[in-house]
Amino acid sequence: QVQLVESGGGLVQAGDSLRLSCAVSGRRFSNYAMGWFRQGPGKEREFVAAISWSGVRRYSADSVKARFTVSRDNVKNTMYLQMNSLKPEDTAVYYCAVGYGADVPMTAYEYEYWGQGTQVTVSS
């Protein structure tokens, strides 16, 4: 059974940093692309960042490109999202997801397994 567990969320002030983690079990982690999505209050789930199985290819949404960095540790079966210069509009529940294979998609329907989400709240 594949399980994804996010952690690292919290309440911070604008300009602060947070690092989210996504620990994966039940699947050979290194074979699959991974992604981060978020869903703010009253909004649809949106793409944040994604990373290939090797970590060589990385993609980020324009809204976070200069501030967020996705990475992964295939030994620890964990993916990370370093979030710097946080803004109130970054407030959302952040979800990690495992792709179906080596492709690095940026749409939610192309991901197979999801975590339960971690809340990030940025106050102004």
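Everything numeric in this text was worked out from a predicted model, so none of it was measured. (Residues numbered from 1 in each chain as written. Predicted model: local features only at pLDDT ≥ 70, side-chain atom pairs only at ≥ 80, totals over all residues. Heavy atoms only, no water.)

### Regarding the overall build of the protein chain
On a plain count of helices and strands, the protein chain comes out with zero helices and eleven strands. Put simply, the protein chain runs from its N terminus to its C terminus through helices and strands in the order β-β-β-β-β-β-β-β-β-β-β. A compact globule built from 124 residues would reach a C-alpha radius of gyration of about 14 Å, and the protein chain, at 13 Å, matches this within 12%. By principal-axis analysis of the C-alpha atoms, the protein chain measures approximately 40 × 25 × 25 Å. Within the protein chain, buried positions represent 46% of all 124 residues. Contacts in the protein chain between residues far apart in sequence, at least 24 positions, make up 59% of those at least 6 positions apart. For the protein chain, the accessible area works out to roughly 6300 Å², and carbon and sulfur atoms hold 47% of it. Taking the average location of the 13 positive side-chain charges in the protein chain and that of its 11 negative ones, the two points are 6 Å from each other. (Helix = DSSP H or I, 4+ residues; strand = E, 2+ residues; numbered from the N terminus. Rg over C-alpha atoms; globule rule 2.2 N^0.38 Å. Buried < 20%, exposed > 50% of the residue type's maximum accessible area, 1.4 Å probe, protein only. Contact = heavy atoms within 4.5 Å. Areas by Shrake-Rupley, 256 points an atom, 1.4 Å probe, with all protein chains shown as cover. Lys, Arg positive; Asp, Glu negative; His and termini not counted. Charge placed at Lys NZ, Arg CZ, Asp CG, Glu CD.)

### Side note on the nonpolar core
Formed by 35 residues in total, the largest nonpolar core has its most connected members in M34, W36, M79, L81, M83 and Y94. Secondary structure elements with two or more residues in this core: β3 (18-25), β4 (34-39), β5 (46-51), β7 (68-73), β8 (78-83), β9 (92-99) and β11 (118-123). (Core = buried A, V, L, I, M, F, W, Y, C linked by side-chain atoms within 4.5 Å.)

### So, the pattern of salt bridges
In this structure the tally under the stated criterion is four salt bridges. Its salt-bridge partner being D90, residue R38 comes within 2.9 Å of it at the nearest N-O pair. Of this pair, R38 sits in strand β4 while D90 sits in the loop between β8 and β9; the two residues are 52 residues apart in sequence, bridging distant segments of the chain. For R38, a relative accessible area of 6% puts it in the buried group. (Salt bridge = Lys/Arg side-chain N within 4 Å of Asp/Glu carboxyl O.)

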